[in-house]
Structures are given as structure tokens and as C-alpha cells.
Amino acid sequence: DVKVTQSSRYLVKRTGEKVFLECVQDMDHENMFWYRQDPGLGLRLIYFSYDVKMKEKGDIPEGYSVSREKKERFSLILESASTNQTSMYLCASSTPAPNEQFFGPGTRLTVL
Amino acid sequence: ELKVEQNPLFLSMQEGKNYTIYCNYSTTSDRLYWYRQDPGKSLESLFVLLSNGAVKQEGRLMASLDTKARLSTLHITAAVHDLSATYFCAVDMTSGSRLTFGEGTQLTVNP
């Protein structure tokens, strides 16, 4: 079974802190994705990566950066957390074809 | 820009009844995916439809794809309470690229 794990299920941070969300997949997938999910706004793509050291902006990259130093790991970084980044963050991975994305359990981040 | 629309967005149905969720998309694609999300949980892959006319079935759920009509359906047969969840469809315009998700259909099955 494909397994995608995320470093924390729940996280509480203060405004201005630097926050790292880690995602690891064990299926040698080339593609990895970071989404945030908010009530009424659906899933929104923040960043994605096709390969090690490659990254592409999604629909809402502002305030975020990513790092992919190893194929299995994709990190999302909030350089200076703000209250409007309180959300559920979902990581996913896939092969290029078929592009069936497998999701991690999610991290519910609260920024106070 | 690819747009993916689901309807209905909210569906309340009784156990034992049948119903269909529709997923329309705006640009040519022959790759469509259905996901399920339980409250407070992540998304779970249900079906992968990769060609016109593709039909997949799992238990009480059946998904189909009509690429000419740019339409996929998720049919629920004899609903049970355990099917209560939010269902998302997602479309892939270019192989290996990002998915565009619909808004989700929140299904509640009442006893």
C-alpha cells in the first residue's frame, strides 16, 4: 500500500514563527503536492514538485516555500506564520501516469 | 482555465435509495479521479477513470466517464449510512500534471 505520512496531525504556532511541515512517501513517486483545505474554499494547491530540487507554484504560493532535497520528502515552510494560514494542510504524491494522487493524513495547523 | 463543477453540493438521502452525483469539466481530458473524505480526515482515492466509456464499481458505488460530454457520474445504489462523506472529483488535463478538484459533494445518508 502507498503510504504518505505527515510529521504532525495537529500543530499550534504563534504569529511570526517559522513553521516546517514535513511529508514523506514510501512509493518512489516522482510527483508531490501540498494543498490547504478550508471550509467553503475546497482544496487549493500551494506548491508541487515533479522531481528532486524541482518546484512549481500552485494557486496560492504567497507566504509559503517548499524544499525537496530527496525524492521521498517534500517540506512546506511558512517563513513567518500568520493567523490566515490557520488551515488543514494535505500532502499528496503520485506517479506521472496515472496521476492518481495519494494523500497523507493531514496536519491541522492553528496560528495564534 | 480548467473548471470542474460538481452537483449537487449537498445531498441528503435515505438509506436504501439510489442517487447520482455529477461532475462536469470544461476542457478536454480523459483522466478523471474520484475521492472520498470523511469529516476531519484526509482524502482517499476511490476510482481512476482513464478513457472514454470507462466504468468502475466498488460495492455500492459506480463511477463512469463520458469524455465527449465532459461528464463523470458517481452512482450510489441502495445507500447505507457508512457512505456519508464528502466526495470529490478531480480532472487531469495534462498527463502527470496537477489535478483540478471539484468543490465536493457532501453526502448524508439518513436511517
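Structure report, in brief.

Here is what the cut-offs are and how they apply
Residues numbered from 1 in each chain as written. Chains lettered and ligands numbered in written order. Predicted model: local features only at pLDDT ≥ 70, side-chain atom pairs only at ≥ 80, totals over all residues. Heavy atoms only, no water. 1 Å grid on protein atoms, 1.4 Å probe; cavity = no way out; pocket = protein on both sides within 12 Å on 5 of 7 lines; lining within 4 Å. Points joined across faces, edges and corners; volume = space filled by probe spheres on them. Helix = DSSP H or I, 4+ residues; strand = E, 2+ residues; numbered from the N terminus. Nonpolar A, V, L, I, M, F, W, Y, C, P; charged D, E, K, R; others polar. Contact = heavy atoms within 4.5 Å. Buried area = accessible area lost by both parts, 1.4 Å probe. Salt bridge = Lys/Arg side-chain N within 4 Å of Asp/Glu carboxyl O. Core = buried A, V, L, I, M, F, W, Y, C linked by side-chain atoms within 4.5 Å. Buried < 20%, exposed > 50% of the residue type's maximum accessible area, 1.4 Å probe, protein only. Phe/Tyr/Trp six-rings, centres within 6.5 Å; stacked < 30°, edge-to-face > 60°. Disulfide = S-S within 2.5 Å. Pairing = 2+ DSSP bridges. Axes fitted to C-alpha atoms, helices over the stretch in contact; angles between N-to-C directions.

**Some remarks on the layout of surface pockets**
Here's step 1: In this structure, the largest pocket spans a volume of roughly 1000 Å³.
Here's step 2: L41, G42 and L43 of chain A together with F88 and E103 of chain B are, among the 44 residues lining the largest pocket, the residues nearest its centre.
Here's step 3: Where the lining of the largest pocket is concerned, the elements lending two or more residues are β4 (31-38), β5 (42-49) and β9 (87-94) of chain A together with β9 (85-92), β10 (99-101) and β11 (105-110) of chain B.
Here's step 4: Residues that form the lining of the largest pocket fall into these classes: 17 nonpolar, 17 polar and 10 charged.

**A closer look at the interface of chain A and chain B**
Here's step 1: Between chain A and chain B, the contact holds 22 residues from the first and 17 residues from the second.
Here's step 2: Between chain A and chain B, the buried area comes to about 1600 Å², and carbon and sulfur atoms account for 54% of it.
Here's step 3: Of all residues in chain A, the largest losses of buried area upon contact with chain B belong to N99, E100 and F103 of chain A, amounting jointly to 29% of the total for that side.
Here's step 4: The interface formed by chain A and chain B holds one salt bridge in total.
Here's step 5: Residue R98 of chain B pairs with D59 of chain A through a salt bridge whose shortest N-O separation is 2.5 Å.
Here's step 6: Contributing elements (two or more residues each) for the side of chain A that touches chain B: β4, β5 and β9 of chain A.
Here's step 7: Take the side of chain A that touches chain B: its biggest share by element is four residues, from β4 of chain A.

**Notes on the nonpolar core**
Here's step 1: Membership of the largest hydrophobic core comes to 25 residues, with the highest contact counts inside it found for L32, W34, L74, I76, Y87 and L107 of chain B.
Here's step 2: Every element with two or more residues in this core is listed here: β2 (10-14), β3 (19-25), β4 (32-37), β5 (43-49), β7 (61-66), β8 (71-76), β9 and β11 of chain B.
Here's step 3: Top element by residues in this core is β9 of chain B. It accounts for four residues.
Here's step 4: If we skip the residues at most four places from it in the chain, Y87 of chain B touches Q6, I21, Y35, R36, L46, L61, L74, G104, T105 and L107 of chain B.
Here's step 5: Of all hydrophobic cores here, the second largest spans 20 residues; its members include V4, I60, V66 and L109 of chain A.

**Brief notes about the packing of aromatic side chains**
Residues and elements named next belong to chain A.
Here's step 1: Taken as a whole, this structure holds nine aromatic pairs over all chains when the rule is applied.
Here's step 2: Summarising the aromatic geometry, the rings of F33 and F48 are spaced 6.0 Å apart at their centres and angled 15° between planes, so their arrangement reads as stacked. With F33 in strand β4 and F48 in strand β5, this residue pair connects regions lying 15 residues apart in the sequence. Accessibility assignment for this pair places F33 and F48 in one class, buried.

**With respect to the state of the cysteines**
Here's step 1: According to the stated counting rule, one finds two disulfides over all chains in the structure shown.
Here's step 2: Covalent S-S linkage joins C23 of chain A and C91 of chain A, the inter-sulfur distance amounting to 1.8 Å. Judged by the torsion about the S-S bond (-75°), the C23 of chain A/C91 of chain A disulfide is left-handed. Pair noted here: C23 of chain A is in strand β3 (residues 19-25) and C91 of chain A is in strand β9, with a separation of 68 residues, a long-range link.
Here's step 3: Of the residues examined, C91 of chain A reaches a relative accessible area of 0% and is grouped as buried.
Here's step 4: Covalent S-S linkage joins C23 of chain B and C89 of chain B, the inter-sulfur distance amounting to 2.0 Å. On the sign convention where negative means left-handed, the S-S torsion of about 80° between C23 of chain B and C89 of chain B marks this disulfide as right-handed.

**A closer look at the sheet that holds β3 of chain B**
Residues and elements named next belong to chain B.
Here's step 1: Reading across from one edge, β1-β3-β8-β7-β6 is the order of the five strands in this open sheet, with antiparallel pairing throughout. This sheet does not close on itself; its edge strands, each paired only once, are β1 (4-7) and β6 (55-58). The mean inter-strand angle of the sheet, taken between neighbouring strand axes irrespective of direction, is 15°.
Here's step 2: By the bridge criterion, six bridges tie β7 to β8 in an arrangement that is antiparallel. For M62, the partnering residue across the bridge sits in β8 and is H75.

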